[in-house]
Amino acid sequence: MGFFRKSKGAQGTEIALEVANIMSKSLVIITNTYPFGKGEEFLETEILYFQPHFERIDIFALSPQGDLARKLPEGVFCTKVRVESSFLDKVLAIRFMFSRLFIQEIRDVIKNPDLKLSRSVLSKALSMLSKRNKLAKLISRHISKVSEGKIYLYSYWMHHGAFALTSEKVNQTETVRFCRGHGYDIYFERELDGYLPFRKTIIDSLNKVFLVSEDGKTYLTKKFPRIDSRKLSVSRLGINNNRKRSKSSSGGVLRIVSCSRISQVKRLDLIIDALAEIDSFTFKWTHIGDGELMSQILEYAQKNLADKGNIEYEFR
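This section reports on the structure supplied with the text. (Residues numbered from 1 in each chain as written. Predicted model: local features only at pLDDT ≥ 70, side-chain atom pairs only at ≥ 80, totals over all residues. Heavy atoms only, no water.)

### Structural notes on the side chain of Arg132
Following the sequence through the fold, Arg132 ends up in helix α4 (residues 119-144). Among all residues touching Arg132, those that are not within four sequence positions of it are Leu101, Phe163, Ala164, Thr166, Ser167 and Glu168. (Helix = DSSP H or I, 4+ residues; strand = E, 2+ residues; numbered from the N terminus. Contact = heavy atoms within 4.5 Å.)

### Comments concerning helix α7 (residues 214-223)
Within the span of α7, buried status applies to Gly216, Tyr219 and Leu220. Along α7, the residues classed as buried sweep out an arc of 90° about the axis, all on the same side. Where the residues of α7 are buried, they touch α6 (199-205), β8 (208-211) and β9 (232-234). (Buried < 20%, exposed > 50% of the residue type's maximum accessible area, 1.4 Å probe, protein only. Arc of directions from axis to C-beta.)

### Regarding the pattern of salt bridges
Per the counting criterion, the structure on display carries eleven salt bridges. Of the charged contacts in the structure, one is a salt bridge between Glu168 and Arg132, with a shortest N-O distance of 3.8 Å. Remark: Arg132 occurs in helix α4 and Glu168 occurs in the loop between α5 (160-164) and β7 (175-181); sequence separation between them is 36 residues. Residue classification places Arg132 among the buried residues on the basis of a relative accessible area of 11%. The partner of Lys200 in a salt bridge is Asp204, with the nearest N and O atoms 2.7 Å apart. Taken together, the residues Lys200 and Asp204, both in helix α6 and four residues apart, mark about one turn of the helix. A residue is classified by how much of its surface remains accessible, and Lys200, at 33% relative accessible area, is partly exposed. A single salt-bridge network, built from bridges that share partners, covers Lys124, Glu191 and Asp193. (Salt bridge = Lys/Arg side-chain N within 4 Å of Asp/Glu carboxyl O.)

### Overview of the sheet that holds strand β4 (residues 56-61)
Read across the sheet, seven strands follow the order β5-β4-β3-β6-β7-β8-β9 without closing on themselves; strand pairing throughout is parallel. Lying at the two open borders of the sheet, with one neighbouring strand each, are β5 (76-80) and β9. With direction set aside, neighbouring strand axes in the sheet form an average angle of 20°. Summarising the sheet, strand β3 (residues 26-31) and strand β6 (residues 151-155) pair through five bridges and their orientation is parallel. Residue pairing across strands places Leu27 opposite Tyr152, the latter belonging to β6. Sheet contacts for helix α1 (residues 43-50): β3, β4, β5, β6 and β7; angle to β3, the most-contacted strand, approximately 170°. Its contacts with the sheet put α7 on β8 and β9, and the angle it makes with β9 is roughly 165°. (Pairing = 2+ DSSP bridges. Axes fitted to C-alpha atoms, helices over the stretch in contact; angles between N-to-C directions.)

Written out as structure tokens, the structure is:
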């Protein structure tokens, strides 16, 4: 796509836009929580690469947590947007059962041997359509306030934010629409019912989809073999690291530090498995972070590392 190029800036921050000839430089970013509360920390770096290219950047936070916690760069503004479905929204969502998008999506589910048509699937699809309609109206009102030039619309996740960008309400001549795909928002197997609604529609409709890993790109290409794979690009997450290097370990001890949530997807058990294989070095492993699998990982570490005299470990 001619709208995009790779940046040579911070490691992992590869999305940049060629906007030198754009008369009106406006960017809308749809997030979950940023800049409220915790989460989406990589955006704090990424947005610095967008900032010089736009006169104004508006952030729509769909699930804000608490009050504003992070300082925004100059020219960046944020708005809390509530898209959670009320009881009335759920009732009114029934009207989408007769829409072309819903009918096509259900047909695709029925044809897919890996999926089973269920109440959960129907509910997810209708909820996505309801949220799409609500958010698209908001974005459309914002677009109407921009007098001329291209407007860039960016959903940080491939979920209802990205789905809203497929709406005809925002699909105008002077809009460029793209999104990121991370993990929970692209891998169907992470859902209990194995279903993520309207992912093919999102890929087909947007100008570009940036995946945070090669595995994500490969997964979507195999999942939807008929999509235009040229729309998929890898753009890794990253931050600027200007900190000084720590001093070298002393006393013949090799120190390893890991920092993450303790969950299945982080695979901390692999660190334990690797350390259990080593007898020729003295290690100290420190993990920083908590999570739902803390007790299981502690038990696994005790079982596999406690009897090894060359390894010390701690969880902070």
